[in-house]
Amino acid sequence: MAEINAAIVSEPRPLAGAGGVEAEQGPPSTRVRGYWRSVGFRLRHDPVTLAFAAVVLLIVLAALLAPALAPFDPYKESIIGRLKPFGWRGHLLGTDELGRDMLSRLLYGGRVSLLMGVVPVLIATLIGGLLGVIAGFLGGRTNTAIMRVMDVFYAFPSVLLAVAIAGAMGGGMANGMLALSLVFIPPMCRVAETATTQVRTLDFIEAARASGADTLTIIRYHVLGNVLGPVFIYASSLVSVSVLLASGLSFLGLGVRPPIPDWGLMLSTLRQSIYVVPYVCALPGVAIFVTSICFNLVSDGLRGAMDVRM
Amino acid sequence: MDQLALAPHDHGEPHQPLLIARDLKKHFPVKGSGGKAVQAVDGISFTVRKGETLGIVGESGCGKSTLARLLLYLLVPDTGELVFDGAAVGDGITVGALRRHVQIVFQDSYSSLNPRMPIRDSVAFGPFVQGKPRGEARRIAREALARVRLDPDLFGPRYPHELSGGQKQRVNIARALATGPRMVILDEPVSALDKSIEAQVLNLLRALKRQLNLTYVFISHDLNVVRYLSDRVLVMYLGRVVELGPVEAIYARPAHPYTRALLASQPSMDPGRRIEQPPITGEPPNPISPPAGCRFHTRCPFAEALCTSVDPPLPLWTGPPSHIAACHLADRMRPARLT
């Protein structure tokens, strides 16, 4: 550093163009915008994504505030009030086969479904992302070892794999989440590995190494920032898959146990009553469909806003 | 004495070479070929004197960039050693210390900057990982950006995609300077730039060298650029040094037929000197199995029986002033003057 400092001190204004190159003056009107701010800018000008993001926000809020919003106790049964249509005695969305209030159960069920949608994706992002970055950055044998193991999991269809794992471990919410996490780790790992491999061969990694940075520092400052975007986009698209799969597990009796309200489970038990109160029985399915499609469209919008070649 | 006062790291005398490369070799094994290897760099020795610019020229694929990476230990040489200012790397000084003193600027200005990092952070990264606190690293980055004539306030917060190719390459130069190196390896720094921008960057490099008392290793396939910037020139062919000497001697009286061919293949501005026949034909031989004897004999218009069997060592021919070449026939070719 001493050379630079000494020379800078001896030269009061290095911008004065002494070396034959004029100091660069960009157009003053050019706005300097960071990556995340430019993503935010593009998102703000995407009304479709914004609208669906608002719906997602509503669903999340409704689930969070279920205790305050639910008009009835979601577990309170009633022999005489079974399978009643919309609006029956203050039950805005009717009642189920045990006479429990559908609106309350849908609100509470949202908590379970969203939890089952988000938690496995978070776990898979952490574990799969970490494995992918390690495999991608180290390359060679480490890469082969990690990615071939992932390929073994890839060989099974995701639904089958989730059902098999959840079935082998027994039902229950925790096991269901574990099963979904295991299903999501391989694709997540692949996304992170691809992004890392692309970055690893670029010169700025070599330049960082030439500056004296060790592998961990390079990963932390130069790799993660570039891998985060694709991983985040993929994770957001996995949430809707996870909601669907979780509902499927519950539907098959491998996820949440009754009487806990869960959209998949509700759909499963109400399907026998579809000829009695068809609209009421369709509600959990509608909830799953709307949530899943909203997450999907928001993730699509994010992809458009974030996946820019720079 | 001024030079010494400006270079507090200096260990030896001004006459001690800043970098000595001894018999550097790097072979890349080819998978599934049963032990064959690409002989990218095959026994290269040279010295870089303090304060000089050593130009390295050669065709694509002759091992120039591999050599650049070997000099920084970004690739570990199979054999050979580097001596930096009297201290052998791995013995006298560590690889980490070498990287504090030697920095590199790559050809591809786009991929040498992290697209998700504002350029001031890219520049500050070097000082930061070398132990400077964040604030200090940022201050150094500002100075380095100002040095390459980019306003730190205007350009510091920008991202690489908001800069032109020339600006990006200046950021790369600033990044290399930020750690306060004594030597900078320039691996085709202007090859990807427009001619007008190229001149700007070359002038900047010249000015920086003078101001900061730097030593350059300048790698290029552009002979004009090398001539403009270099004090001495090293000519590479298929992983070997074929000729090494002062820039004027090399350009005026090339001793090796390959150097002659390279110089003759430059487009001439003078229609009277235009040549119809390409001075050198064919592709360079496969570096996996280089020809026996002189590696250039397959393309050399003067090749004799001797050339096909005996590999000429580098200082086979020595001329004044410290101009050397690896050619059996260099003496006979002396009368041929090019310029």
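Use the structure listed above.
Residues numbered from 1 in each chain as written. Chains lettered and ligands numbered in written order. Predicted model: local features only at pLDDT ≥ 70, side-chain atom pairs only at ≥ 80, totals over all residues.

Colleague: Residues and numbers for the overall build of chain B, please.
Modeller: The secondary structure content of chain B amounts to 12 helices and 12 strands. Taken over C-alpha atoms, the radius of gyration comes to 21 Å for chain B, in line with the 20 Å a tight globule of 339 residues would show. For the C-alpha atoms alone, the extent of chain B along its principal axes is close to 65 × 50 × 50 Å. A buried classification covers 49% of the 339 residues belonging to chain B. Taking the intrachain contacts of chain B between residues at least 6 apart in sequence as the baseline, contacts between residues at least 24 apart amount to 65%. (Helix = DSSP H or I, 4+ residues; strand = E, 2+ residues; numbered from the N terminus. Rg over C-alpha atoms; globule rule 2.2 N^0.38 Å. Buried ≥ 20, exposed ≤ 12 C-beta atoms within 10 Å, placed from the backbone. Contact = placed C-beta atoms within 7 Å.)

Colleague: For the overall build of chain A, give the residues involved together with the corresponding values.
Modeller: Helix and strand content of chain A: 12 helices and 0 strands. Counting all 310 residues of chain A, 41% fall into the buried class. Partitioning the intrachain contacts of chain A with sequence separation of at least 6 by distance along the chain shows that 69% fall at a separation of at least 24.

Colleague: Break down the sheet that holds strand E10 (residues 240–246) of chain B for me, with residues and values.
Modeller: Paired through their backbone hydrogen bonds, the strands of a sheet run either parallel or antiparallel. All names here are of chain B. Across the sheet, 8 strands lie side by side as E6-E7-E8-E3-E9-E10-E12-E11; this open sheet has mixed pairing. In this open sheet, the two strands that pair with only one neighbour each are strand E6 (102–105) and strand E11 (317–319). Each strand axis lies, on average, 15 degrees off the axis of its neighbour in the sheet, ignoring direction. Note: E6 against strand E7 (residues 183–187), 4 bridges, orientation parallel. From the neighbouring strand, Val105 faces E7, where its bridge partner is Leu186. (Pairing = 2+ DSSP bridges. Axes fitted to C-alpha atoms, helices over the stretch in contact; angles between N-to-C directions.)

Colleague: I'd like a description of the environment of A:Ile165, backed by residues and values.
Modeller: Residue and element names in this part refer to chain A. The topology assignment puts Ile165 in helix H7 (residues 158–169). Looking at Ile165, the number of C-beta atoms within 10 Å reads 20, which means it is buried. Separated by 44 residues in the primary sequence, Ile165 and Val121 have C-alpha atoms spaced 16 Å apart.

Colleague: Explain the sheet that holds strand E1 (residues 19–29) of chain B to me, and be specific about the residues and the numbers.
Modeller: Residue and element names in this part refer to chain B. Taken together, the 4 strands give an open sheet; going across it, the order is E2-E1-E4-E5, and neighbouring strands pair in antiparallel fashion. Unpaired on one side and paired on the other, strand E2 (37–48) and strand E5 (87–88) mark the two borders of the sheet. Taken together, the 5 bridges between E1 and strand E4 (residues 79–84) define a ladder with antiparallel strand orientation. In the strand pairing of E4, Leu19 is matched with Phe84.

Colleague: Run through helix H11 (residues 263–270) of chain A, naming residues and quoting values.
Modeller: A large share of H11(A) lies buried, amounting to 6 of its 8 residues. Close packing links the buried residues of H11(A) with helix H5 (102–138), helix H10 (215–251) and helix H12 (278–306) of chain A.

Colleague: Describe in detail the environment of A:Leu302, supporting the description with residues and values.
Modeller: Residue and element names in this part refer to chain A. When you line up the elements, Leu302 lands in helix H12. Look at Leu302 and you get buried, because 22 C-beta atoms sit within 10 Å. Put simply, Leu302 and Asp46 are 256 residues apart on the chain and 9.9 Å apart in space, counted from C-alpha to C-alpha. Dropping the residues within four chain positions of it, Leu302 is found in contact with Ile233 and Ser236.

Colleague: For the environment of A:Leu178, give the residues involved together with the corresponding values.
Modeller: Residue and element names in this part refer to chain A. Mapped onto the secondary structure, Leu178 falls in helix H8 (residues 173–200). For Leu178, a count of 17 C-beta atoms within 10 Å gives the class partly exposed. Leu178 sits 71 residues away from Leu249 along the chain, and the two C-alpha atoms are 12 Å apart.

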